[in-house]
Amino acid sequence: LVSIGMAILYNLGSNYFLGEISYITKALSAILQLGVTMDYSIFLWHSYNEQKVRFDGDKERAMAHAISNSIISVASSSITTIAGFLSMCFMSFTLGLDMGIVMAKGVLLGVICCVTVLPSLILVFDKAIWKTAHRTFQLPTGGISDFVAKHYKFFAILMVLLWIPALYGNSNYDVYYKLDNSLPDYLPSVQANEELNQKFDMSSVEMVLCRSDLSQKEVKSMLSEMEAVEGINFALGLDSVTGALVPDALIPDTAREKLESGGYQLLMISSTYEIATDEVNAQCDKIEKIVKEYDPAGMLIGEAPCTRDLINITNHDFMVVNSVSIAAIFVIILLVLKSISLPVILVAVIELAIYINMALAYYTGTTLPFIASICIGTIQLGATVDYAILMTTRYKKERMSGCSKRESVHTALTTSIHSVLSSALGFFAATIGVGIYSDVDLIGSLCLLMARGAIISMVVVVLMLPSMYMLFDKLICKTTLGLRKTVDVKGGNLR
């Protein structure tokens, strides 16, 4: 924790050079970095323990070999996670760029601290560590592996069946775009907006910027057309305040500057519709059409049109980020495992876990913040692909050594399950506390989704991924470099 804490401090401190970061990024970056990079520390610690037995207690030599042995697995695991975060930089909504850079930087600093700061701390406090050590908690991994390998057809069918409700739920959960919906009710700003809505029926206020040289007749006609739009309370301009009978020369400059400046004039519009609803979005479209008839360069501004644009942007961003993250991680897995089929299998299994996580929001009637689908898809994919690669690498190694597919699956699951559990539960522990504690729903919802996603991914990888090995073993052997030449795909014996 000290080592990871130092990496977090380095990451947060280096944000100074970015100038500024989003409050959402600041709130999430520390816990995300803790949950994502803890795996690397566990990899190094396990390797150090093995090497210490090998070198008969020579801790310096053991640590040197531990770093050498674990740096490749740590680097390969971190690359997939960094790729997932960097895919967020392709978002038009610049929160993605902000969070993507900060988190990719955090993972990189976590890896550096893992192979520099952590080994130093372990060597300095080696005696204290062993004096305070306890027995490792051991799960009946052999029984779990036997059960999964024996009933792989059941889990394969279950995986196919789960895709149906997962796809439907993922496509139909409710989303909110109004940012103040994520704020607690006790804040003065939230209470003031509620008062405006209840007492003055002002759900939203928009503004129109148009040329100041428009004639009074044109402005009055434009305001009349706007007031005729359904759901508009009023539309006001400078003439609405002074009246048509007051000459422009009699209007004080101090008053004029409030509504006219820099060649533009400001018109105010009050709507009865809630922000981020279909009604107000359609209303904004009608008002914009009216404005463009009188001033092609005129602009409708305010929270309602901004939120409408946000809806269009984030829908596009979700498709882009999802495609880029899947493609990037697919290519990385392809290069690491040297297989065409394994990347498809791994991404399909992890995407199922992501879809189940998001679909639960629909089946539990939970409304999620708009950013959730983009962030969770990327973060859960990047965070859980590590132990999927770990298990797959061991399966491939056993298969290449001539073991049958059942023996390979059994060994891969038995040796990997502890790492999978520690990784998933560590990520769960890092996020669940903030999810429960935070009063800001945007942050709390994201953390609860990440915590739940860690558990779902753990279950899906442990149960479904080995089943895919069993079911598609022949295809995997034919499409994986090194397996086709050494393994008889019919019987699993050496040629």
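The structure this text deals with has already been given above.
This part takes up the overall build of the chain. Tallying secondary structure elements over the chain gives 20 helices and seven strands in all. Summarising its shape, the C-alpha atoms of the chain cover approximately 100 × 50 × 35 Å along the three principal directions. Intrachain contacts of the chain at a sequence separation of at least 6 include 78% that bridge at least 24 residues. With the model as given, the accessible surface of the chain reaches about 23,900 Å², and the carbon-plus-sulfur share is 64%. The positive charge centre, built from 36 side chains, and the negative charge centre, built from 44, are 20 Å apart in the chain.

Put simply, helix α3 (residues 59-86) and helix α5 (residues 117-124) touch, their axes get as near as 11 Å, and they point 160° apart. Viewed along their axes, α3 and α5 adopt a mutual orientation that is roughly antiparallel. For the crossing formed where α3 meets α5, the hand is right-handed. On the side of α3, the interface is formed by Lys 59, Glu 60, Met 63 and Ile 67, while α5 contributes Pro 119, Ile 122 and Leu 123.

Where strand β2 (residues 204-211) and strand β5 (residues 264-271) come together, eight bridges link them in antiparallel fashion. In the strand pairing of β5, Arg 211 is matched with Tyr 264. Looking at chain direction, β2 and strand β6 (residues 299-302) are connected through four bridges and run antiparallel. Paired with Val 208 across the bridge in β6 is Leu 300.

Right, let's get into helix α17 (residues 405-437). Compared with the 48 Å implied by 1.5 Å per residue over 33 residues, the 46 Å span of α17 between its first and last C-alpha is a close match. At Ser 416, α17 shows its largest bend, some 45°.

Next up on the list: helix α2 (residues 23-54). Taking 1.5 Å as the rise per residue, α2 with 32 residues should run 46 Å; its terminal C-alpha atoms sit 48 Å apart, in good agreement. Along α2, the helix axis deviates most sharply at Ser 29, where the bend reaches about 35°. With a side-chain oxygen lying 3.0 Å from the backbone nitrogen of Ile 24, the N-terminal cap of α2 falls on Ser 22. Count one or two residues on from α2 and you reach Asp 56, which has phi positive near 55°.

What follows covers the nonpolar core. Within the largest apolar cluster, 99 residues are counted, with the highest numbers of intra-cluster contacts made by Leu 28, Ile 371, Leu 446, Met 450 and Leu 465. In terms of residues, this core owes the most to one element, helix α18 (residues 441-471), which gives 17 residues. If sequence neighbours within four positions are ignored, Ile 371 has contacts with Met 91, Phe 93, Leu 95, Leu 442 and Leu 446. Judged by nonpolar contacts, the second largest core, of 22 residues, contains Leu 214, Leu 223, Met 226 and Val 280.

A few words on the pattern of salt bridges. Applying the stated criterion across every chain yields a total of eight salt bridges. For Asp 309, the salt bridge identified is with Arg 308, shortest N-O distance 3.5 Å. Judged by relative accessible area, which is 35%, Asp 309 ranks as partly exposed. Looking at Arg 308, the relative accessible area reads 9%, which means it is buried. Between Glu 398 and Arg 394 there is a salt bridge, and its shortest N-O distance comes to 3.0 Å. One end of the pair, Glu 398, and the other, Arg 394, are both in helix α16 (residues 372-400), four residues apart, so they sit about a helical turn from each other. Residue classification places Glu 398 among the buried residues on the basis of a relative accessible area of 12%. Judged by relative accessible area, which is 28%, Arg 394 ranks as partly exposed. Salt bridges here are not isolated pairs; linked through shared partners, they connect Asp 285, Glu 288, Arg 308 and Asp 309.

Quick look at the packing of α3 against helix α4 (residues 95-115) now. Between α3 and α4, the shortest axis-to-axis distance is 9 Å and the interhelical angle comes to 175°. Here α3 is positioned roughly antiparallel relative to α4, judged by the angle of their axes. Contact residues: α3 offers Ile 67, Ile 71, Val 74, Ser 78, Thr 81, Ile 82, Phe 85 and Leu 86, while α4 offers Gly 100, Met 103, Ala 104, Val 107, Leu 108, Val 111 and Val 115. Considered class by class, the residues forming the contact of α3 with α4 number 12 nonpolar, three polar and no charged.

Criteria and thresholds
- Residues numbered from 1 in each chain as written.
- Predicted model: local features only at pLDDT ≥ 70, side-chain atom pairs only at ≥ 80, totals over all residues.
- Heavy atoms only, no water.
- Helix = DSSP H or I, 4+ residues; strand = E, 2+ residues; numbered from the N terminus.
- Contact = heavy atoms within 4.5 Å.
- Areas by Shrake-Rupley, 256 points an atom, 1.4 Å probe, with all protein chains shown as cover.
- Lys, Arg positive; Asp, Glu negative; His and termini not counted.
- Charge placed at Lys NZ, Arg CZ, Asp CG, Glu CD.
- Axes fitted to C-alpha atoms, helices over the stretch in contact; angles between N-to-C directions.
- Parallel < 35°, antiparallel > 145°, perpendicular 65-115°, else oblique.
- Left-handed = near helix turned anticlockwise from the far one by under 90°.
- Pairing = 2+ DSSP bridges.
- Expected span 1.5 Å × (residues − 1).
- Bend = angle between axes of the 7 residues up to and from the residue.
- Polar contact = N/O pair within 3.5 Å; in protein donor to acceptor, adjacent residues only side chain to side chain.
- Core = buried A, V, L, I, M, F, W, Y, C linked by side-chain atoms within 4.5 Å.
- Buried < 20%, exposed > 50% of the residue type's maximum accessible area, 1.4 Å probe, protein only.
- Salt bridge = Lys/Arg side-chain N within 4 Å of Asp/Glu carboxyl O.
- Nonpolar A, V, L, I, M, F, W, Y, C, P; charged D, E, K, R; others polar.

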